[in-house]
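Below, each chain spelled out in residue letters.
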Amino acid sequence: MSSSVVARAWRRSLRDALLRGPAWRGASARSASTASGAAAEAAAAPKKVPPPPRKGRRLLTGALIGLAIGGGAYVSTADEARFCGWLFKSTELVNPFFALLDAEFAHRLAVKAAAHGFVPREKRPDPPVLGLEVWGRKFANPVGLAAGFDKNAEAVEGLLGMGFGFVEVGSVTPQAQEGNPKPRVFRLKEHGAVINRYGFNSEGIVVVAKRLGAQHGKRKMEETSSSTSPSTSDIKQGGKAGPGILGVNLGKNKTSEDAAADYVQGVHTLSQYADYLVINISSPNTPGLRKLQGRKQLKDLVKKVQAARDEMQWAEDGPPPLLVKIAPDLSKQDLEDIAAVALALRLDGLIISNTTVSRPPPADTHPLAQETGGLSGKPLFDLSTNILREMYMLTRGKIPLVGCGGVSSGEDAYKKIRAGATLVQIYTALAYGGPALIPRIKAELAECLERDGFKSVQEAVGADFR
């Protein structure tokens, strides 16, 4: 077979794998206890994603083929750790090609790449200083992927394999919904920011439950088959979905008149697959959602969701922790009310924060600043970190806080931790920096901790207040 034929075959297989439609397309979802099979199947049928620009597709395919060929040559002459480092570094070559694509299509393509294994897999152990235990679960490191990237749990294994300490999927709504009209994602490249108004586009809990159930079953089979093998570590890392911890972020349908019922339905269907659950009441793109952050509304909602979780039967490890994700656009009184509810109901944690409807400098001068939707990325860092500080003081550090918003370096992650975060999440920075950002952030964070004499992440949590 000639080299040209082989090259064409590579291109076809790579293109087909990356651009193949979701696994649920054309397949009917089984009925769940919370929704009839017929209704779920009809609601889960999405619109077909448009093809990418031809130029960007050709360049991206060529880049991936080049990486595969180069990687094959390199792996024969280097040990696994060195090859792993090279592979992550080489993904920086692909980032410019994603920038040529429509923002939403690039997002979808990145999810597909992770789902089909076209992303590097971290083989190197994390620095010991990054390990910690939260909610009785062991995290290899505190750096996670925020909800919104893998909305439908398509790429959990691939994303965890890249070295995240935890991955949060969703937001997942009870019924499938399209979200807001397109275009709905806008890059502010010079500011490292994104404006999105997706609006909880979701395939629904039935489809997501089917995916997570398959992943959970695979994990159990792997554990069973390796149970008789000698363990390489005295401490078992990971959770229900693989080598890291899996969070499931729950949302409400846009047209729903009973928000609590939507979240309860999500708990009943998805909590068995989650290492932790999140009530998302902070998206600016669903009408009326942020009103649930009011003191009375939040208290009533959390009590109903907690009751739904606690009434289910659980094994020895107990029910998954329940967190609430809040917005950064809150007044001092709003924060006091949320803290009071969190302490009174013994909430397991808060995620601070979602995107902002404000336009912090320098994003306020960008031509796209007038686009409606939530802004994420570097301009959000100071705003979300200030909210994090306020909440840490209000809860007196009794509730684990997850710092999210504008983290793009190990130094940023370290600042969040010193401000009170036990864990941190990234999202927009990954869109710009690609997989190479993950080991870089972890290495920089470890350097920051060691530089200031901390022996663990836990020691540094809230250090700014001591």
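The structure we're discussing is the one just above.
Sequence order as written defines the numbering, with residues in each chain counted from 1. Only residues with pLDDT of at least 70 are given local features in this predicted model, and only at 80 or more are side-chain atom pairs given and counted; all residues enter the totals for whole chains, interfaces and linings. Note: side-chain values were computed over all heavy atoms of the structure, leaving out hydrogens and water.

1. Quick word on the packing of aromatic side chains
- In this scheme Phe, Tyr and Trp rings, the latter by its six-membered ring, pair at centre separations within 6.5 Å, and the angle between planes marks the pair as stacked below 30 degrees, edge-to-face above 60, and tilted otherwise. Scanning the model with the defined rule gives 7 aromatic pairs in all.
- When the ring of Phe83 is compared with that of Trp86, the centres are 5.9 Å apart and the planes differ by 20 degrees; the resulting orientation is stacked. Here Phe83 and its partner Trp86 are both found in helix 4 (residues 80–90), 3 residues apart, which amounts to about one turn of the helix.
- Given a relative accessible area of 18%, Phe83 falls into the buried group. Comment: elements are numbered from the N terminus, with helices defined as DSSP H or I runs of at least four residues and strands as E runs of at least two. Relative accessibility under 20% of the residue-type maximum defines a buried residue, over 50% an exposed one, and the middle range a partly exposed one, all with a 1.4 Å probe and only protein chains included.

2. Brief notes about the environment of Val457
- Relative to the helices and strands, Val457 is located in helix 16 (residues 457–460).
- Judged by its relative accessible area of 0%, Val457 is buried.
- Once the C-alpha coordinates of Val457 and Glu133 are considered, the two residues, 324 residues apart in sequence, prove to be 9.8 Å apart.
- Each residue touching Val457, except ones within four places of it in the same chain, is listed here: Val129, Leu130, Leu132, Pro142, Ile417, Thr422 and Leu449. For this analysis, residues touch if any pair of their heavy atoms sits within 4.5 Å.

3. Considering the nonpolar core
- Residues Tyr263, Ile326 and Leu350 are the most contacted members of the largest nonpolar core, which totals 102 residues.
- Top element by residues in this core is helix 15 (residues 437–451). It accounts for 7 residues.
- Apart from residues no more than four positions distant in its own chain, Tyr263 is found in contact with Leu250, Gly251, Lys252, Ile279, Asn280, Ile281, Leu289, Leu292, Leu301 and Val305. By nonpolar core is meant a set of buried Ala, Val, Leu, Ile, Met, Phe, Trp, Tyr and Cys residues that side-chain atoms within 4.5 Å join together.

4. Thoughts on the pattern of salt bridges
- Basic side-chain nitrogens of Lys or Arg form a salt bridge, by our definition, when they fall within 4 Å of a carboxyl oxygen of Asp or Glu. One pass over the full model with this rule turns up 22 salt bridges.
- The partner of Arg124 in a salt bridge is Glu122, and the shortest N-O contact between them spans 2.7 Å.
- Two residues, Arg451 and Glu411, come together in a salt bridge whose shortest N-O distance is 3.6 Å. Of this pair, Arg451 sits in helix 15 while Glu411 is found in helix 13 (residues 410–418), placing the two residues 40 residues apart along the sequence.
- When its relative accessible area of 52% is taken as the criterion, Arg451 is described as exposed.
- Overall, the relative accessible area of 29% leaves Glu411 in the partly exposed class.
- Each of the salt bridges in this network shares a partner with another, and the network as a whole consists of Arg389, Glu411, Arg418, Arg451, Asp452 and Asp464.

5. Let's talk about unusual backbone geometry
- Following Gly170, the chain continues into Ser171 via a peptide bond in cis, with omega recorded as 10 degrees.
- Topologically, Ser171 is positioned in strand 4 (residues 166–172).
- Residues Ile352 and Ser353 are joined by a peptide bond in cis, for which omega reads 15 degrees.
- Topologically, Ser353 is positioned in the loop between strand 10 (349–352) and strand 11 (374–377).
- At Ala153, a residue that is not glycine, the phi angle is positive and equals roughly 55 degrees.
- On the basis of relative accessible area, Ala153 is assigned to the buried category, the value being 0%.
- Even without being a glycine, Phe200 presents a positive backbone phi close to 55 degrees.
- Position of Phe200 relative to the elements: it lies in the loop between strand 6 (193–196) and helix 8 (205–225).
- Relative accessible area serves as the criterion here: at 6%, Phe200 is assigned to the buried category.

6. Considering the sheet that holds strand 5 (residues 185–188)
- Paired strands are those between which DSSP finds at least two bridges. Judged by pairing direction, the sheet is antiparallel, and its 3 strands sit side by side in the order 5-6-11 without closing on themselves. Whereas interior strands pair on both sides, the edge strands pair on one side only; in this sheet they are strand 5 and strand 11. Each strand axis lies, on average, 20 degrees off the axis of its neighbour in the sheet, ignoring direction.
- With 4 bridges joining them, strand 6 and strand 11 adopt antiparallel strand pairing. Within strand 11, the residue paired with Val194 across the bridge is Ser376. Convention adopted: a line fitted to C-alpha atoms gives each axis, helices being fitted over their contacting stretch, and angles between N-to-C directions are expressed from 0 to 180 degrees.

7. Some words on the packing of helix 9 (residues 259–270) against helix 10 (residues 295–310)
- Packing of helix 9 against helix 10 leaves a shortest axis separation of 9 Å and a crossing angle of 25 degrees. Between helix 9 and helix 10, the interaxial angle falls into the category roughly parallel. Like other packed secondary-structure pairs, helix 9 and helix 10 cross with a definite hand, here right-handed. Taking contact as the criterion, the partners of Ala260, Tyr263, Val264, Val267 and His268 in helix 9 are, on helix 10, Leu301, Lys304, Val305, Ala308 and Arg309.
- Here the contact of helix 9 with helix 10 is built from residues that sort into 7 nonpolar, 1 polar and 2 charged. Relative orientations are named as follows: roughly parallel for angles under 35 degrees, roughly antiparallel for angles over 145 degrees, roughly perpendicular for angles from 65 to 115 degrees, and oblique for any other angle. Crossing handedness: left-handed means the near helix sits turned counterclockwise from the far one by under a right angle, and right-handed means the same turn made clockwise. When residues are sorted by character, Ala, Val, Leu, Ile, Met, Phe, Trp, Tyr, Cys and Pro go into the nonpolar class, Asp, Glu, Lys and Arg into the charged class, and all the rest, Gly among them, into the polar class.

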